[in-house]
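# Observations on chain architecture
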Amino acid sequence: QKEVEQDPGPLSVPEGAIVSLNCTYSNSAFQYFMWYRQYSRKGPELLMYTYSSGNKEDGRFTAQVDKSSKYISLFIRDSQPSDSATYLCAIQGGNKLTFGTGTQLKVEL
Amino acid sequence: DAMVIQNPRYQVTQFGKPVTLSCSQTLNHNVMYWYQQKSSQAPKLLFHYYDKDFNNEADTPDNFQSRRPNTSFCFLDIRSPGLGDAAMYLCATSRDSGQGGTDTQYFGPGTRLTVL
């Protein structure tokens, strides 16, 4: 079993839709949970991070962590074509970051 | 703006010809990382420096080496690139969180390596 599982997609949605991206993880010791956005042929860009369970909101983006079920989510409201990218969940334990494979998102006009 | 810079952005080398990729940072972070990312895959950690202390991942091939001459710079050397080493190489930095771990990692734009 991989430490972090993420559906690779691709996920295609119309502009304005609410997008839900999800990951599951296996190691309950993980404490920090991140979402990175990666545009084609670019490096990952930190989008949001949360510590432990709960929600965190930043503009159109909401990150959610449920440690009891080892499930993390990223919600994007009012999605825009500029949101088209690969979204990588990442989980940090100590100084090591473990990534999911990324979900490719396309927001169409 | 404080940032992580990688040069070159695109590198083409021949099979077996040594190549060096560079990373510099203006964030003054004490931890620097090198990742390999192949198409449609997650970034894979190759090694990291905690200050001057080098930490190699167990499954990183010996073909990959690294140098960190000072806080700001870190190099990835591939001694004899094979076709399977064609990938995006990502440099990242973070601060020491002071509890045996590190703060959030910030990534550079990556160097895309092509091996002919």
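For the structure itself, look to the data block above.
Residues numbered from 1 in each chain as written. Chains lettered and ligands numbered in written order. Predicted model: local features only at pLDDT ≥ 70, side-chain atom pairs only at ≥ 80, totals over all residues. Heavy atoms only, no water.

## Focus on the nonpolar core
- Counting 24 residues, the largest nonpolar core has W35(A), I72(A), L74(A), I76(A) and Y87(A) as its most contacted members.
- If you list the elements that add at least two residues to this core, you get strand 3 (19-25), strand 4 (32-38), strand 5 (45-51), strand 7 (61-66), strand 8 (71-76), strand 9 (85-93) and strand 11 (103-108) of chain A. (Core = buried A, V, L, I, M, F, W, Y, C linked by side-chain atoms within 4.5 Å. Buried < 20%, exposed > 50% of the residue type's maximum accessible area, 1.4 Å probe, protein only. Helix = DSSP H or I, 4+ residues; strand = E, 2+ residues; numbered from the N terminus.)

## Some words on a nonpolar patch on the surface
- A grouping of Y32(A), Y49(A) and Y51(A) is seen on the molecular surface, where their side chains present a nonpolar patch of about 300 Å² in accessible area.
- Structurally, Y32(A) can be placed in strand 4. (Patch = residues over 30% accessible without salt bridge, like charges linked within 9 Å, V, L, I, M, F, W, Y side chains within 5 Å. Areas by Shrake-Rupley, 256 points an atom, 1.4 Å probe, with all protein chains shown as cover. Salt bridge = Lys/Arg side-chain N within 4 Å of Asp/Glu carboxyl O.)

## A short note on the pattern of salt bridges
Residue and element names in this part refer to chain B.
- Taken as a whole and assessed by the stated rule, the structure comprises five salt bridges over all chains.
- Ionic pairing is found between K44 and D59, a salt bridge with its closest N-O pair at 3.4 Å. Residue K44 is located in strand 5 (residues 44-50), and its partner D59 is located in the loop between strand 6 (53-56) and strand 7 (64-67); the two are separated by 15 residues in the primary sequence.
- Judged by its relative accessible area of 52%, D59 falls in the exposed class.

## A look at the side chain of Q6(A)
All names here are of chain A.
- One can find Q6 in strand 1 (residues 4-6).
- Judged by relative accessible area, which is 7%, Q6 ranks as buried.
- Side-chain polar atoms of Q6 contact the backbone nitrogen of C89, separated by 3.4 Å. (Polar contact = N/O pair within 3.5 Å; in protein donor to acceptor, adjacent residues only side chain to side chain.)

## Describing the interface of chain A and chain B
- Contacts between the two partners involve 18 residues from chain A and, on the opposite side, 25 residues from chain B.
- The junction of chain A with chain B conceals about 1600 Å² of combined surface from both sides, 53% of it contributed by carbon and sulfur atoms.
- Summed over the shared surface of chain A and chain B, the result is zero salt bridges.
- Elements with a contribution of two residues or more to the side of chain A that touches chain B: strand 4, strand 5, strand 9 and strand 10 (96-99) of chain A.
- Here the side of chain A that touches chain B is composed, by residue class, of eight nonpolar, seven polar and three charged. (Contact = heavy atoms within 4.5 Å. Buried area = accessible area lost by both parts, 1.4 Å probe. Nonpolar A, V, L, I, M, F, W, Y, C, P; charged D, E, K, R; others polar.)

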